[in-house]
Amino acid sequence: MKTLIRFLLQNIPRKYLQRVAIAGSRLMVPFLKGHQIECPVCGKHFRKLLPYGYVISRKNALCPHCLSLERHRLIWLFLKRETPFFTQPCQVLHLAPEYCFMKYFSAVQGEGYITADLESPWAKVKMNVEEIPFPENHFDVILCNHLLEHVEDDRKALRELFRVLKPGGWALLQSPVDANREKTYEDRAITSPEEREKHFGQKDHLRAYGKDYTDRLREAGFTVNPLDYVAILGEDLQKRYALPQNELIYYAEKK
Ligand SMILES: [Zn+2]
C-alpha cells in the first residue's frame, strides 16, 4: 500500500492527483473503521488513517474520507478554536485550495470565498500568486498552505499577498520549514526535478525554508510570530487528531 501510494504521488500530475486519490481512498474506508483517530475536518472516526508521502511514507497521515493530511487537521483546529473564521462572514482568498477544505469553507463563507490557483481544476480563479488580479486591501483572510516553496519569486508573492489583504486582516501562511536549518537554502541553478528532490526534498520544491522563513514574511510587511499550536493542544489531542510533529502555525497579520 505504501509503495503504491508513493508511486502514484510521484507519477500522476498534481492537477489529477486529487481526483485519483478521492476515488481510491474512499474504497479503503470500510477497512479502516474504528474509534482511535478522529478527523476534525470531516468528523469521521477511524482505527487508523492511510499512509502518505512523496519520499518517505508517513503512517496515519491521510483521512480516507475527506483526504485531510496532518497539517490540514492542524489548520482546521486552529481556525475553529482561535479565529472567527467559521462564525464571521468575510472575504477569503484560498490559494492552491485543498479538496478537503473547499466544501466546508464554501458553505460557511458563500460568495465571499474565492479559490485561486495556476492549474488546479478546483479553483474559481486561475492566477499566479506573484501577480494577484485583485485590488489592494480586498480580502479579510488569506489561506496559503504549502504553496510558497513552489513559487519562483516567493518574496514577490508575499508582497502581493500583503497588498491584497485589508488592514486588520490576517493570513495563514504555512510552508514546510526545516527547524534544523537557520537559513533558507535555495539555488536558482538547481532546476531539474531530480536535483530539486535531492536538494529541497521534493521534485517541485524550489527551496528548503529555514528558521528565517518568519523574516521573509516580516519583510513583506506581515506581523507574525510562529506558534507551536500542536504543543498547546497537547499530546493526547495530537494523537487523537493525528497532527503533525513539526509544523508551526504562521498566523500573519496586516496591522
Ligand atoms: Zn476527514
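Residues numbered from 1 in each chain as written. Predicted model: local features only at pLDDT ≥ 70, side-chain atom pairs only at ≥ 80, totals over all residues. Heavy atoms only, no water.

Here the focus is the coordination of the zinc ion. The textbook angles at a metal center are 109.5 degrees for a tetrahedron of four donors and 90 or 180 degrees for an octahedron of six. Taken together, Cys39 (SG), Cys42 (SG), Cys63 (SG) and Cys66 (SG) make up the full set of protein donors to the zinc ion, lying 2.3 Å away. The site at the zinc ion holds four donor atoms, and with the angles between them running 103 to 116°, its shape is tetrahedral. According to the relative accessible area criterion, Cys39 is buried, its value standing at 1%. In this structure Cys42 comes out as buried when scored by relative accessible area, which is 15%. (Donors = N, O, S within 2.8 Å, 3.2 Å for Na, K, Ca; no water. Tetrahedral: all angles 85-135°; square planar, octahedral: opposite > 155°, others 65-115°. Buried < 20%, exposed > 50% of the residue type's maximum accessible area, 1.4 Å probe, protein only.)

Much of the literature gives interface size as the accessible area that the parts lose upon coming together. Partitioning the protein into domains gives domain 1 (2-68) and domain 2 (71-253). Placing the centre of domain 1 and that of domain 2 at their C-alpha centroids yields a distance of 21 Å. Residue-level contacts link 25 residues of domain 1 with 23 residues of domain 2. With both chains or domains summed, domain 1 and domain 2 bury close to 2,100 Å², and 53% of this area falls on carbon and sulfur atoms. Counting the contacts that link domain 1 with domain 2 gives one salt bridge. Among the ionic pairs, Arg240 bridges to Glu38, the shortest N-O distance being 3.3 Å. (Domains from an automatic or database assignment. Contact = heavy atoms within 4.5 Å. Buried area = accessible area lost by both parts, 1.4 Å probe. Salt bridge = Lys/Arg side-chain N within 4 Å of Asp/Glu carboxyl O.)

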